[in-house]
Amino acid sequence: MPDPVCVRCRGSLRTPETAGAWTCDAHGVVEPLNAALPAEAYHLADSASSSAVPVWMPWPMPPGWAVSGVRRTGGTGPSRAVAVAFMGPGVTARQAELVIVAEEPGVGLGASYAGLESTDPGFEVASLPFDAKLTAAGHPTPLWSLPVSDRAAYVGEAGGLWLWAIAWPVDEWMVVHDDLRLVDVRAPEHRALLAELPVALLSPHLAE
Ligand SMILES: [Zn+2]
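Computed from a predicted model, the values in this text were never measured in an experiment. (Residues numbered from 1 in each chain as written. Predicted model: local features only at pLDDT ≥ 70, side-chain atom pairs only at ≥ 80, totals over all residues.)

Engineer: Even after reading the chapter, I still don't get the overall build of the protein, so can you show me in this structure?
Structural biologist: Summing up its helical and strand segments, the protein has four helices and 14 strands in all. Expected size for 208 residues packed as a compact globule is a radius of gyration near 17 Å; at 16 Å, the protein falls within 12% of this value. For the C-alpha atoms alone, the extent of the protein along its principal axes is close to 50 × 40 × 30 Å. Here the protein holds 208 residues, and the buried ones make up 44% of them. Counting only contacts in the protein whose residues sit at least 6 apart along the sequence, the fraction spanning at least 24 positions is 56%. (Helix = DSSP H or I, 4+ residues; strand = E, 2+ residues; numbered from the N terminus. Rg over C-alpha atoms; globule rule 2.2 N^0.38 Å. Buried ≥ 20, exposed ≤ 12 C-beta atoms within 10 Å, placed from the backbone. Contact = placed C-beta atoms within 7 Å.)

So this is what it looks like as structure tokens:
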């Protein structure tokens, strides 16, 4: 396995053995981010069993879409952030990509995929009207769109954790909509899905 990188900038890290904690020269102590893995069922199952946060999967999968990778933070402890990628036919683009991140506040994985410098969206977003909505673990979940130019980025909160949805290219924002239903594949009743999911090649944006 390649060495983990900084969750915020993908730079190299000093290890707990040499620095006392995973440390980035630019960002200080950070969660270590592991390499993106292809969406084989066993990688998804490993991520689900080692995660402290939901591993979100759209189910039913939108027509033509497939899961295209998983990426998690964490050294020896449980993941505080997990990203799952999907690819499918866009409305305007031949191929669109979607990355869904669940994370504890302060980690910064979702923000890094959204192209933001911060770790969190800022609590002021929740004072604005929401822009989109999906269903996460059966709960209607409002999402706010963030001002980034080359992709569509949404963030909301589910169970006290951030839920990010980032889509490429930017005009494929409509992949996030009212009928998108996410299930947490950590839940025993959803584990069987992992063997049924359509799988695509590793998403390039997930691996960045
Ligand atoms: Zn960094």
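Engineer: Explain the sheet that holds strand E8 (residues 81-88) here, please?
Structural biologist: Adjacent strands of a sheet pair through backbone hydrogen bonds, lying either parallel or antiparallel. As summarised here, the arrangement of the nine strands in space is E6-E14-E10-E11-E12-E13-E9-E8-E7, forming an open sheet in which the pairing is mixed. Single-partner strands in this sheet number two, and they are strand E6 (56-58) and strand E7 (66-72). Here the average twist between neighbouring strands, direction ignored, is 30°. Direction of pairing for strand E12 (residues 152-158) relative to strand E13 (residues 161-168): antiparallel, over a ladder of seven bridges. Bridge pairing in E13 places Ala-153 opposite Ile-166. (Pairing = 2+ DSSP bridges. Axes fitted to C-alpha atoms, helices over the stretch in contact; angles between N-to-C directions.)

Engineer: Explain the nonpolar core here, please?
Structural biologist: Most often, soluble globular proteins have nonpolar side chains that are buried together. In this structure, Val-84, Tyr-154 and Trp-164 are the most contacted members of the largest nonpolar core, which totals 62 residues. Ignoring sequence-local partners within four residues, the contact set of Val-84 consists of Val-55, Trp-56, Met-57, Val-67, Val-70 and Ile-100. (Core = buried A, V, L, I, M, F, W, Y, C linked by C-beta atoms within 7 Å.)

Engineer: How should I be thinking about helix H2 (residues 41-49) in this particular structure?
Structural biologist: Quick reminder: α-helices carry 3.6 residues per turn. Residues three or four places apart thus point the same way. Along H2, the residues that are buried comprise Leu-44, Ser-47 and Ala-48. Angularly, the buried residues of H2 cover 100° about the axis, an arc narrow enough to put them on a single face. Relative to its buried face, H2 has exposed residues pointing more than 90 degrees away, namely Tyr-42 and Ser-49. (Arc of directions from axis to C-beta.)

Engineer: How do you make sense of the pairing of strand E11 (residues 139-146) when you look at a structure like this?
Structural biologist: If a strand is regular, its side chains alternate between the two faces of the sheet. Note: strand E10 (residues 132-136) against E11, five bridges, orientation antiparallel. Note on E11: the bridge partner recorded for Ala-136 is His-139. Bridging between E11 and E12 involves three bridges; their strand directions are antiparallel. Opposite Ser-145, over in E12, you have Tyr-154 as the bridge partner. Hairpin connection of E11 to E12: five residues between the antiparallel strands.

Engineer: Whenever I open this one, the pairing of E13 confuses me. Can you help?
Structural biologist: Counting buried residues along E13, seven of its eight residues qualify, which places the element largely inside the surrounding structure. Bridge count between strand E9 (residues 96-103) and E13: seven bridges; the pairing is antiparallel. Across the sheet, the residue bridging to Ile-100 is Ala-165, located in E13. Between E12 and E13, which follow one another and run antiparallel, lie two residues, and Gly-159 among them has a positive phi close to 60°.

Engineer: Sorry if this is basic, but what is going on with the environment of Trp-56 here?
Structural biologist: Within the secondary structure layout, Trp-56 lies in strand E6. Given 24 C-beta atoms within 10 Å, Trp-56 falls into the buried group. Sequence separation of Trp-56 and Val-82 is 26 residues, and the distance between their C-alpha atoms is 8.7 Å. Ignoring any residue separated from it by four or fewer positions in sequence, one finds Trp-56 in contact with Val-84, Ile-100, Ala-102, Ala-136, Leu-182 and Asp-184.

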